[in-house]
Amino acid sequence: ETEGWSNFIHDFIDEDIAEGGRYAGQTVHTRFPPEPNGYLHIGHAKAICIDFGTAEKYNGVCNLRMDDTNPTKEDVEYVDAIKEDIAWLGFSWEDRFYYASDYFPKMYEAAVQLIQKGLAYVCELTPEQMRENRGDLTHPAVSPYRDRPIEESLDLFARMKAGEFEDGRMTLRAKIDLASGNFNMRDPVIYRINHLHHHRTGDRWCIYPMYDFAHPIEDALEGITHSLCTLEFEDHRPLYDWVIEHVDLPAKPRQIEFARLGIDHTVMSKRKLRKLVEEHYVSGWDDPRMPTLCGLRRRGYTPASIRNFCERIGVSKVNSTVEYGFLEHCLREDLNEHAQRVMAVLHPVKLILTNYPEGQTETFEVENNPGKPEDGTRTVSFSRELWIEQEDFMEEPVKGYFRLFPGNEVRLKTAYVVRCTGCKKDADGNVIEVYAEYDPQTRGGNTPDGRKVKSTIHWADVQTAIDAEIRLYGNLFSVPDPDAHDFLEVLNPDSLEVLTGCKVEPCLAQAKPGQSFQFMRQGYFCADNRDSTQEHPVFNRSVSLKDGFKR
Ligand code: ATP
Ligand code: MG
Ligand code: MG
C-alpha cells in the first residue's frame, strides 16, 4: 500500500539508518496517541496513516495509546469509537494498546527524581503572577520559590499528591531557563493540582502531569523510536528532549513534526465538532456531513478512499488547506471501480408506453458493473408503466435539450428507444404523466436502421420498483474557511435535502448497511448504516458523479 510513498519523515529515517545513527539497527516503533475526548476525524486519519504507515513501511510496529492524562471530558464511549475507526481504516495495533494514565505512578516517580536532582521545584506563585513572571523577558523575574531546598519541594510535592491543597494553590515546575527565547523552556509547569475524577484512575490522583512532561515519558516507557506529531509541537521539542535527557528512562525517542491537515468548508477542532453535536446542528458525531471518520463512513466513504487521500496529500512541514473536492475525487475513483450500478429515480413522474401491451412484462439481464464482469448480472423488469425523472421531460424543450419532449426519441437505458407523444397535466399545470410509444425493433437499446438517438435516460418499472428515502448532502458550511468566522454563523442552511417516495430497483431492499451503489446518472449512494431497513430503505448520497476537482 505505502510503497513508493516518499516523505520527509521517511527520508529522515533512511538517512539515520544509512549513517548508522541513533535508530540504526532498531525496529521502527511509532504510536498514535489520541486523547479520548471526542471522535476521530479526517485530520486524525492523516496522523494514523503516518504513524501506522511509517511502521508498516519499515517493518516496525505502532502502538495505540489513549492519551488520557487530562481528567476532563474523557470517556470510554470515545475509546471504543477510536478503536473501531482505526480498525475500519485497516490498521492494527495488535496487542499494543495502552493508556497513558497507567503511567501515572512512573510519571510521579520521574517528577520526584527531577526534584532530587535539583531540576524541579514546587512553586506557589498564582497563575497570574506566573504569567507575568514567565512572559516578560525584559524583567525576567525569578520565582521566589525557585531555589527553595530540595527537601522542602519533596515534602510539598508529596502533600500535593496527598490532597492537602486546593486546585491551583501550587505547581511543580521544571527548573530550566527563565530567560530562554523559547517560552516553553521558562520553567514550565509539569504537575498541577486538579481534584477531578478520572475515567480510569477514579479519585486516586488529584495531581496531574502536563502534556509536555507526560508525553516524552509515555513514549520512552513504550520504547517508541519516532514520536510523530503535528507542527504546533515544534516549539515544545526542546522540552521533550530535556525530559528525555534528565529523567532516567528506558529509551530515547525522537519527536518529528508534520503539518496538520485542514480541509475547506469544514472544521476539524474537536471542541467545535462537539458543539455541533451537543447543540443539535447535526444529528450526531456520525452525521454524514461531519468530517469525523464515523460520519464519513456513514456518508459512504471507504477505507481505501481515505487512505489513498492521506497518501496523496503527502507529508510536509507546511500547514495548508486541502480542497474538499480532492477528498471527493478519491472517493469517486474508488467507487467508480467497485460500486454496483443500479437505476434509481429521485424525482419520479410516470411514463406510459401507450403501444406496449397492457399486462405484459419482460426482463433484461443487466451487468452489475460494466468494468467488472466478475460482479455478475441481475434481472431488471420492464412493463408498460415506468418511472422516469421529472427533469427528463420538457413539454417545451429549451435549446440544447435532447431528452423527452413531444416528437423526440430517447433510449431507455438497456431497454428500448421510445418516442414521446405528449403528457397529462393537473389543474395547476404540473406534468403528472408522460406518454410515449416504444419501438419493438430496438430491444437492448440499439436502432437496427442505425438512426441516432442522442440521450439515454434511466427508469424504474412501476410494477416492481420500491420506495426509498434519499438524503442529499451539501457542505456543512457555506464559506470555505469557517474557522475564520464565528463558525455557527456560517453553517449552510441547505446542507441536507431529504427526498421521499423515490423509486428504486427492488434489489436495493437487500442492500447491506453501508453498501455503495452508483445510481446511474445521479452519483454514488450508500445504504444508511443507521436508518435503512428492508421495509424503509434509506440512501445517502456519498458524492455526485461529476468531478469538479481540478489539479
Ligand atoms: P483537538 O485540538 O481538536 O482536540 P488534538 O490534536 O488534540 O485535536 P488528539 O486526540 O490529541 O487531538 O490527536 C491525536 C493525534 O492526531 C495527535 O498526534 C495529533 O497531532 C493528530 N492530529 C489531530 N488533528 C490533526 C490534523 N488535523 N491533521 C493531522 N494530525 C492531526
Ligand atoms: Mg486536544
Ligand atoms: Mg492532543
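Keep in mind that what you see is a predicted model, and the values were worked out from it rather than measured. (Residues numbered from 1 in each chain as written. Chains lettered and ligands numbered in written order. Predicted model: local features only at pLDDT ≥ 70, side-chain atom pairs only at ≥ 80, totals over all residues.)

Observations regarding the overall build of the protein chain
Quick note on the threshold: Strands are runs of DSSP state E lasting at least 2 residues, helices are runs of H or I lasting at least 4, and numbering of each runs from the N terminus. All radius of gyration figures rest on C-alpha atoms, and the globule criterion is 2.2 Å times the number of residues raised to 0.38. Each residue gets a C-beta atom placed from its backbone, and two residues are in contact if those atoms lie within 7 Å.
Scanning the protein chain from terminus to terminus reveals twelve helices and 27 strands. What you see for the protein chain is a C-alpha radius of gyration of 31 Å, clearly larger than the 24 Å of a compact globule of 551 residues, by over 25%. Its C-alpha atoms give the protein chain principal-axis dimensions of roughly 100 × 55 × 40 Å. Within the protein chain, contacts between residues at least 6 apart in sequence are counted, and of these 71% link residues at least 24 apart.

Topic: the nonpolar core
The condition that has to hold: For our purposes the nonpolar core covers buried Ala, Val, Leu, Ile, Met, Phe, Trp, Tyr and Cys residues that link as a set through C-beta atoms within 7 Å. Counting other C-beta atoms within 10 Å of each residue's C-beta, where C-beta atoms are placed from the backbone, gives the exposure class: buried for 20 or more, exposed for 12 or fewer, partly exposed between. Boundaries between domains were set according to an automatic or database domain assignment.
Core analysis: the largest hydrophobic core is formed by 98 residues, its most contacted members being Ile48, Ile388, Val434 and Trp459. Among the elements that take part in this core, helix H2 (residues 42-57) stands out by supplying eight residues, more than any other. Domain assignment of the residues forming this core places at least three in each of domain 1 (8-258) and domain 2 (344-458). If we skip the residues at most four places from it in the chain, Trp459 touches Met343, Val345, Leu351, Leu386, Trp387, Ile388, Leu412 and Lys413. Judged by nonpolar contacts, the second largest core, of 36 residues, contains Met66, Phe104, Leu239 and Val243.

Remarks on the site of ligand 1
Rule in force here: All residues are tested the same way: a C-beta atom is placed from the backbone, and lying within 6 Å of a molecule or strand makes the residue near it. For this classification, Asp, Glu, Lys and Arg are treated as charged, while Ala, Val, Leu, Ile, Met, Phe, Trp, Tyr, Cys and Pro are nonpolar and the rest, including Gly, are polar.
The full set close to ligand 1 counts 15 residues, and Pro34, Gly43, Ala47, Thr230 and Lys270 are the nearest of them. Those elements that provide at least two residues to the shell around ligand 1 are H2 and strand E8 (226-230). No other element matches H2, which puts four residues into the shell around ligand 1. Here the residues of the shell around ligand 1 sort into six nonpolar, four polar and five charged.

Examining helix H8 (residues 237-246)
Here is the rule we go by: Directions drawn from the helix axis to the C-beta atoms are what define this arc.
Where H8 is concerned, the buried positions are Leu239, Tyr240, Trp242 and Val243. Mapping the buried residues of H8 onto a view down its axis gives an arc of 160 degrees, with all of them on the same face. Of the surrounding elements, those touching the buried residues of H8 are helix H7 (211-221) and strand E9 (254-258).

Overview of the packing of helix H4 (residues 104-116) against H7
Put simply, the test is: What counts as an axis is a line fitted to C-alpha atoms, over the stretch in contact for a helix, and the angles between N-to-C directions run from 0 to 180 degrees. Crossings are classed by handedness, with left-handed meaning an anticlockwise turn of the near helix from the far one by less than a right angle and right-handed meaning a clockwise turn.
At a closest axis distance of 10 Å, the pairing of H4 and H7 adopts a crossing angle of 115 degrees. Considering only the axes of H4 and H7, their crossing is right-handed. Taking contact as the criterion, the partners of Lys106, Met107 and Ala110 in H4 are, on H7, Ala214, Ile217 and Leu221.

Structural notes on the UniProt feature "binding site: L-glutamine" (unreviewed entry) in the protein chain
As a reminder, the rule being used: UniProt positions are given in the numbering used here, feature names are shortened, and annotations may be inferred rather than shown by experiment.
According to UniProt, the feature "binding site: L-glutamine" (unreviewed entry) maps to Asp67 and Tyr211 in the numbering used here. In three dimensions, the annotated residues from a span of 145 residues occupy one location, with a maximal C-alpha spread of 9.0 Å. Other than its neighbours up to four places away in sequence, Asp67 contacts Pro33, Pro34, Glu35 and Ala100. Take Tyr211: it is sitting in helix H7. When the 18 C-beta atoms within 10 Å are taken as the criterion, Tyr211 is described as partly exposed.

Quick look at the sheet that holds strand E2 (residues 61-66)
Selection rule: Here a strand pair is declared whenever DSSP counts at least two bridges between the two strands.
The three strands are arranged E1-E2-E3 in an open sheet whose pairing can be described as parallel. Each edge of the sheet is formed by a strand with only one pairing partner; in this case those strands are strand E1 (29-32) and strand E3 (97-99). Ignoring which end each strand starts from, the neighbouring axes of this sheet average 35 degrees apart. Across three bridges, the pairing between E2 and E3 is parallel. Bridge assignment links Leu64 to a residue of E3, and that residue is Phe97.

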